Amino acid sequence: MKKILVINGSPKGKYSITLHTALYLQKKFADCSFEFLHASQKIRSLEKDFSVALKAVEEADLVMFAYPVYTFLVPAQLHRFVELLHESGCYFKGKYAVQITTSKHFYDTTAHEFMRENLSDLGFNVLEGLSADMEDLPTEKGQTEAEKFFSYVLWQMDGGSSSSCADPSGRIALVADLEEGDTALKEKMDMFIGSVGCPVDVINIREFPFKGSCLGCFNCAGDGECIYQDGFTDLLRNNIHKHDAIVYAFRIVNHSMGSRFKMYDDRQFCNGHRTVTMGTPFAYVIEGDIDAEPNLKKVLEARAQVGGNFLAGLACTSEQIRKMSAVLRYAMSERLVLPQNFLGVGGMKIFRDLIYQMRGMMRADHKFFKSHGQYDFPQKKWSTSIKMYLVGWMMNNKKVRSRLGNKINEGMVAPYADLLKDDK
Ligand SMILES: Cc1cc2nc3c(=O)[nH]c(=O)nc-3n(C[C@H](O)[C@H](O)[C@H](O)COP(=O)(O)O)c2cc1C
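In this text the structure is predicted, and so the values were computed from the model without any measurement.

J.: Kindly report on the pattern of salt bridges, identifying the contributing residues and their values.
T.: The tally for this structure, following the rule as stated, stands at 22 salt bridges. One salt bridge in this structure joins Lys 2 and Asp 158, with 2.8 Å as the shortest N-O distance. Here the residue Lys 2 occupies a position in strand 1 (residues 2-8), and Asp 158 occupies one in the loop between helix 6 (140-157) and strand 7 (172-176), the gap between them amounting to 156 residues. Measuring nitrogen to oxygen at the nearest pair gives 2.9 Å for the salt bridge that ties Arg 352 to Asp 376. Of this pair, Arg 352 sits in helix 12 (residues 342-357) while Asp 376 sits in the loop between helix 13 (363-371) and helix 14 (382-396), and the two are 24 residues apart along the sequence. For Arg 352, a relative accessible area of 7% puts it in the buried group. On the basis of relative accessibility, which here comes to 36%, the residue Asp 376 falls in the partly exposed class.

J.: Give me a nonpolar patch on the surface: which residues, what numbers.
T.: Taken together, the side chains of Phe 72, Leu 73 and Phe 106 make up a nonpolar region of the molecular surface, amounting to roughly 270 Å² of accessible area. Inspection of the secondary structure assignment puts Leu 73 in the loop between strand 3 (62-68) and helix 4 (76-87).

J.: Tell me what's going on with helix 1 (residues 17-28), and back it up with residues and numbers.
T.: In this model, helix 1 (12 residues) spans 17 Å end to end at C-alpha, consistent with the 16 Å of a helix rising 1.5 Å per residue. All of the buried residues along helix 1 are Ile 17, Thr 18, Leu 19, His 20, Thr 21, Ala 22, Tyr 24 and Leu 25. Measuring from the backbone nitrogen of Thr 18 back to the side-chain oxygen at the start of helix 1 gives 3.1 Å, which picks out Ser 16 as the cap.

J.: I'd like to hear about the side chain of Arg 267, residue by residue, with values.
T.: Residue position: Arg 267 is located in helix 9 (residues 259-267). Assessed through its relative accessible area of 3%, Arg 267 is described here as buried. A polar contact is formed between the side chain of Arg 267 and the backbone oxygen of Gly 212, at a distance of 3.0 Å. Look past the residues within four positions of Arg 267 in its chain and what remains in contact with it is Phe 210, Lys 211, Gly 212, Ser 213, Cys 214, Cys 226, Tyr 228, Asp 230 and Phe 232.

J.: Can you tell me about the sheet that holds strand 9 (residues 245-251), naming the residues and giving the values?
T.: One open sheet holds the 5 strands; their spatial order is 8-7-9-10-11, and the pairing between them is parallel. Sheet topology places strand 8 (200-204) and strand 11 (311-315) at the edges, where each strand pairs with a single neighbour. Within the sheet, the average angular offset between the axes of one strand and its neighbour, ignoring direction, is 15°. In terms of strand pairing, strand 9 meets strand 10 (residues 282-287) through 6 bridges, oriented parallel. Residue pairing in the sheet places Tyr 248 in a bridge with Tyr 284 of strand 10.

J.: How would you sum up the site of the ligand? Please name residues and give values.
T.: For the ligand, the set of nearby residues contains 16 residues, the closest of which are Ser 10, Ser 16, Thr 18, Val 69 and Thr 102. For the ligand, an oxygen atom lies 2.6 Å from a polar atom in the side chain of Thr 102. One of the backbone N or O atoms of Lys 104 is found 2.8 Å from an oxygen atom in the ligand. Contributing elements (two or more residues each) for the shell around the ligand: helix 1 and strand 4 (96-103). Taken together, the residues that form the shell around the ligand break down as 7 nonpolar, 7 polar and 2 charged.

What counts, and at which threshold
- Residues numbered from 1 in each chain as written.
- Predicted model: local features only at pLDDT ≥ 70, side-chain atom pairs only at ≥ 80, totals over all residues.
- Heavy atoms only, no water.
- Salt bridge = Lys/Arg side-chain N within 4 Å of Asp/Glu carboxyl O.
- Helix = DSSP H or I, 4+ residues; strand = E, 2+ residues; numbered from the N terminus.
- Buried < 20%, exposed > 50% of the residue type's maximum accessible area, 1.4 Å probe, protein only.
- Patch = residues over 30% accessible without salt bridge, like charges linked within 9 Å, V, L, I, M, F, W, Y side chains within 5 Å.
- Areas by Shrake-Rupley, 256 points an atom, 1.4 Å probe, with all protein chains shown as cover.
- Expected span 1.5 Å × (residues − 1).
- Polar contact = N/O pair within 3.5 Å; in protein donor to acceptor, adjacent residues only side chain to side chain.
- Contact = heavy atoms within 4.5 Å.
- Pairing = 2+ DSSP bridges.
- Axes fitted to C-alpha atoms, helices over the stretch in contact; angles between N-to-C directions.
- Near = heavy atom within 4 Å.
- Nonpolar A, V, L, I, M, F, W, Y, C, P; charged D, E, K, R; others polar.

Structural data, given as structure tokens:
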């Protein structure tokens, strides 16, 4: 039985929304034991005696940091807890750590990165976290994402091998920019094909007879038809996008994937801003050192985030290729999709507003956004607005406010607490 220690980083203690995701996981994964440390609420006593926390961390198989995103980062109390971990002088070599947050996705990315950097410095083996919207858990989608996320965490803790996941039934498109004589990239592609264990179709865009790069002519805005008649839209829509996973192989050139891949990407404008591969896992086989390329790394992450694609890995070394192959197989067989973070949610809000404004011209995009519920304008959620007016009235009335006490926090977690009842 795996021992999970939940470090509750919310100052709200038991009224924390994020804590309820952890409590939900406790309910769903009865074969794990969960222990809770209300670290933020108890920070003053932990400053006096940190040994309780250290003992709990030592005994856990997985340390799960559950906290709200606060002002680009984490609450000051959790920030202090991280300092105390550093000050303890302990090194938690190889101990698994993971983070779950709730927020409105405003800079959840920097909060996650802050925790990842610090926990890595402390020796933890940090697994990819879950960044949920604060309103996710009461929805079916939010519950499925939380459960799939935690199964993925447990699978990784068990070694994350391909043999321990069901055979995915799909095919993979390996879209490469492979120049003749580039044996280093070819070897990596072959290594990937050999280790992934499901059919792979190689599409070398170096050999595709592109007539040219995107001209920005907007010929495609109405019906998606590109001005070029070179068969690219057909390759994209009826071949590449029909696959169950898409892996890109490239050599890093001038801090990018190279101009051939840029041509490929820009020509995808025939699909406008439509997230047509939503749910399809992505991965990259790379010749070069991606860790030395923070901007390119951000572009690859952002592309997957905006498109709603699970990113199985950016693999440069043979070990990374093997690991990425196993994760990709897992993602395909489990249909793993995690919630979008700031990169995805923020990007899509900009597109949403843009397409709505340009709907008269961008007809294909408008139709897609409408039919996929992507016009999620807040003014449509009028019942929430009315509730907020009511709460606002109560909070602004001193007499009512003094009588409310903790009722606001209690009221806020009520729908989450409901989920934990036995009959749910
Ligand atoms: C001081 C403060 C700062 C916050 N900063 C952010 C932020 O930077 N980004 C964001 O998306 N949400 C932010 N929020 C919203 C919380 O992250 C969100 O309400 C969260 O779900 C609360 O979780 P909890 O109930 O577990 O504490 C902030 C809230 C507070 C009170």
